[in-house]
Amino acid sequence: MRVLTASDRAVLVECADLDEAMRMHRAWADVPGVIERVPGARTVLVRFDPLVTSAAELASALSATRADQVQLVAGPEVVVPVRYDGDDLADTARLLGVSVDELVRRHGAAHWTVAFSGFAPGFGYLVGDDPLFDVPRRPSPRTRVPAGSVALAGRFSGVYPRETPGGWQLIGTTDAVMWDVHRDPPALLVPGARVRFVTADRVAVSAVVSGTSDASAAERSVGVRHADAGPNGPASPAPALEALNPGLQLLVQDRGRPGLAALGVPASGAADQIAMRDANRAVGNAPEAAVLEGVGPSAVRFHGAGVAVITGAEGELAVTGAGGATRRIGHGVPFAVADGDELHIGAPMCGLRFTIAVRGGIRMPAELGSRSTDTLSGIGPAPLRAGDMVPLGDAAPNAVEPAPLPRELPAAGGLVVLDITLGPRRDWFTATAVRLLGEQEWTVTARSDRVGMRLHGERPLERAILDELPSEGVVDGAIQVPADGQPVVFGPDHPITGGYPIIGALTDAVRDLAAQLSPGVRIRFRVAS
């Protein structure tokens, strides 16, 4: 085995093949200091606690394990009906040197097994017994792949559980529900499951489309209610926060869902954990209390009296009372509100994301242990719309105190230096590209979100190895380089696994700063010692 640096808190272990990776994934469950393990096509990503172990100590412990001591157990059989109507069907057949009919026939005749989960909740990587299926990914991933898309990449087949970005070749669609948090287990295709693909007209769809459909925006709004218009305006018998103008994005967030990556569930949570921590401390909440995290000019109305604070991005802040009087409020300074007060947040002068914390916290039902909105997976409450109201809690364990002094966050056009570690796939790039990563300025583009921050540099990064990289686990802050050579820095809602090489990763200390970089900010990467 080869142990590679994945970040300052993770290593990527190369195994001999998929079978060894599966066995090692199970064998390393009890290694001291290991927080999480994410299997890949022939790798295992291992996240560790640096207070318990070091990368060197961990590498020694992992290497001492024998794969033949672990037995793999076969899972259930699942039938997936497919309409072979994918946008890439004809092109994929040409790539494989067969007709469309032959591709369809052999895809259905192959015996498929779910090797591991990743990319997104409910996405299973299926390996088959037909050597025909070895397909290159698209040169640049699509920004949106429809839910239910049946796809091929490398030796694998898979089904997209919901609409997400993706770079696989699309050959068909299915109505089978891949992921449902209300089902046990939530994933239809669990590791070890044996899968048969059949044409949709050959099977009763109801026999395999089990559970409810992928969570719609309405279903994900559990705990959110729409304001009821009455003769005296919106009525709210319990303390609540109403979204008047959600801006570009207004989400419920907390610490997230760490530890579920092996199920394909990203940690998600607040993009700027420092801003959330400071905000909760300022209003006396517990550290795990849910907050609102937003982007762009926004406005909310308070139903009931309370105490609130704004941290993160800095802009003009004002509260307008029910009588029309307006007062300015300070960034990071707790302020009292009365029933009917409206908070108006202006365009940020520096930073990107603001955090609103209210004493008592946002009271929402938890999904998989968290109230966070995961924009890639669709887990958690839907993004707030105008008129949505979120209930507030009524208990806070600590006293109110001002937040720490504002952090230095860059404005659009500003320059920021981010520390990184190199690896695990630096050897897939030319020496010039590795040097260029740190020497060249990169600009944050408008095509950035919680999944990934897309960068643009004058010179793209050139690869030394042009082969397809088998899917492997990736960490928050990983710097992935697609075929166009322009890096993408993964955010909190990033895919759990990916197939484009990772040249480096942000250190844990700068990830919150990276979450505050708006389009137009310039970046220089500095390799940490």
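Thresholds, definitions, all that
Residues numbered from 1 in each chain as written. Predicted model: local features only at pLDDT ≥ 70, side-chain atom pairs only at ≥ 80, totals over all residues. Heavy atoms only, no water. 1 Å grid on protein atoms, 1.4 Å probe; cavity = no way out; pocket = protein on both sides within 12 Å on 5 of 7 lines; lining within 4 Å. Points joined across faces, edges and corners; volume = space filled by probe spheres on them. Helix = DSSP H or I, 4+ residues; strand = E, 2+ residues; numbered from the N terminus. Nonpolar A, V, L, I, M, F, W, Y, C, P; charged D, E, K, R; others polar. Buried < 20%, exposed > 50% of the residue type's maximum accessible area, 1.4 Å probe, protein only. Contact = heavy atoms within 4.5 Å. Pairing = 2+ DSSP bridges. Axes fitted to C-alpha atoms, helices over the stretch in contact; angles between N-to-C directions. Phe/Tyr/Trp six-rings, centres within 6.5 Å; stacked < 30°, edge-to-face > 60°. Salt bridge = Lys/Arg side-chain N within 4 Å of Asp/Glu carboxyl O. Arc of directions from axis to C-beta.

A. Representation of the layout of surface pockets in the model. There is about 910 Å³ of room inside the second largest pocket. Forming the boundary of the second largest pocket are 39 residues, of which Thr-143, Pro-165, Leu-376, Asp-449 and Val-451 lie nearest the centre. When residues of the lining of the second largest pocket are traced back to their parent elements, those giving at least two are β8 (142-145), β11 (164-166), β28 (452-456), β31 (488-490) and β32 (497-498). If one sorts the elements of the lining of the second largest pocket by residue count, β11 sits on top with 3 residues. By residue class, the composition of the lining of the second largest pocket is 15 nonpolar, 14 polar and 10 charged.

B. Spotlight on the environment of Leu-170. If you trace the backbone, Leu-170 turns up in strand β12 (residues 169-173). Judged by its relative accessible area of 4%, Leu-170 falls in the buried class. Remark: the alpha-carbon pair of Leu-170 and Leu-152, spanning 18 residues in sequence, is separated by 6.6 Å. When sequence neighbours within four positions are dropped, the list of residues in contact with Leu-170 reads Gly-86, Asp-87, Asp-88, Leu-89, Arg-142, Val-145, Ser-149, Val-150, Ala-151 and Tyr-160.

C. Representation of the sheet that holds strand β13 (residues 194-199) in the model. Taken in spatial order, the 7 strands make up an open sheet running β5-β13-β6-β7-β10-β9-β12, and their pairing is mixed. Bordering the open sheet on either side are β5 (77-82) and β12, each of which pairs with just one other strand. Between one strand axis and the next, the sheet turns through 35 degrees on average, direction left out of account. Where strand β9 (residues 149-153) and strand β10 (residues 156-159) come together, 4 bridges link them in antiparallel fashion. If you follow Val-150 over to β10, its bridge partner there is Val-159.

D. Fine view of the sheet that holds strand β27 (residues 442-444). Spatially, 7 strands are ordered β26-β33-β30-β31-β28-β27-β34 in a closed barrel, and the strand pairing comes out mixed. Taken pair by pair, the neighbouring strands of this sheet meet at an average axis angle of 40 degrees, ignoring direction. Across 3 bridges, the pairing between strand β26 (residues 415-422) and strand β33 (residues 502-506) is antiparallel. Along β33, the bridge assignment pairs Thr-421 with Ala-505. Together, β26, β27, β33 and β34 (522-527) form the strand contacts of helix α6 (residues 431-439), whose direction differs from that of β34 by roughly 120 degrees.

E. Representation of the pairing of strand β1 (residues 2-7) within the structure. Pairing geometry for β1 and strand β2 (residues 10-14), over 5 bridges, is antiparallel. Bridging from a neighbouring strand, Leu-4 pairs with Leu-12 of β2. Counting the residues in the hairpin turn of β1 and β2 gives 2 residues.

F. Looking closely at the packing of aromatic side chains. A complete count under the given rule lists 11 aromatic pairs for this structure. For the pair Tyr-125 and Phe-156, a centre-to-centre distance of 5.6 Å together with 85 degrees between the ring planes defines the contact as edge-to-face. Residue Tyr-125 is located in strand β7 (residues 124-128), and its partner Phe-156 is located in strand β10; the two are separated by 31 residues in the primary sequence. With a relative accessible area of 2%, Tyr-125 lands in the buried category. By relative accessible area, Phe-156 is classed as buried at 4%. Taking 5.5 Å as the distance between ring centres and 70 degrees as the angle between the ring planes, the aromatic pair formed by Tyr-125 and Trp-168 counts as edge-to-face. With a gap of 43 residues between them, Tyr-125 in strand β7 and Trp-168 in the loop between β11 and β12 connect regions that are remote in the sequence.

G. Expanded view of the pattern of salt bridges. Applying the stated criterion across every chain, the model contains 30 salt bridges. Across the pair Asp-427 and Arg-2 runs a salt bridge whose closest N-O atoms are separated by 3.9 Å. A residue pair is termed long-range when its members are at least 10 positions apart, and Asp-427 in the loop between β26 and α6 and Arg-2 in strand β1 qualify at 425 residues. With relative accessibility at 36%, the residue Arg-2 sits in the partly exposed group. Residues Asp-493 and Arg-450 are paired through a salt bridge, measuring 2.8 Å at the closest nitrogen-oxygen approach. Remark: Arg-450 occurs in the loop between β27 and β28 and Asp-493 occurs in the loop between β31 and β32; sequence separation between them is 43 residues. The class of Asp-493 is buried, set by a relative accessible area of 0%.

H. Highlighting the environment of Val-295. Its location among the elements puts Val-295 in strand β19 (residues 291-295). Separated by 50 residues in sequence, Val-295 and Ile-345 place their C-alpha atoms 9.9 Å apart. With sequence-adjacent residues up to four places away left out, Val-295 is seen in contact with Pro-246, Gly-247, Leu-248, Gln-249, Leu-352, Arg-353 and Phe-354.

I. Examining helix α2 (residues 55-63) more closely. Of the positions making up α2, those classed as buried are Leu-58, Ala-59 and Leu-62. Projected down its long axis, α2 shows its buried positions confined to an angular sector of 100 degrees, all on one face. Of the exposed residues in α2, those oriented more than 90 degrees away from the buried face are Ala-56 and Ser-60. Lining the buried residues of α2 we find β1, β2, β3 (34-39) and β4 (43-48).

Bear in mind that shape data such as this cannot, by itself, settle questions of function.
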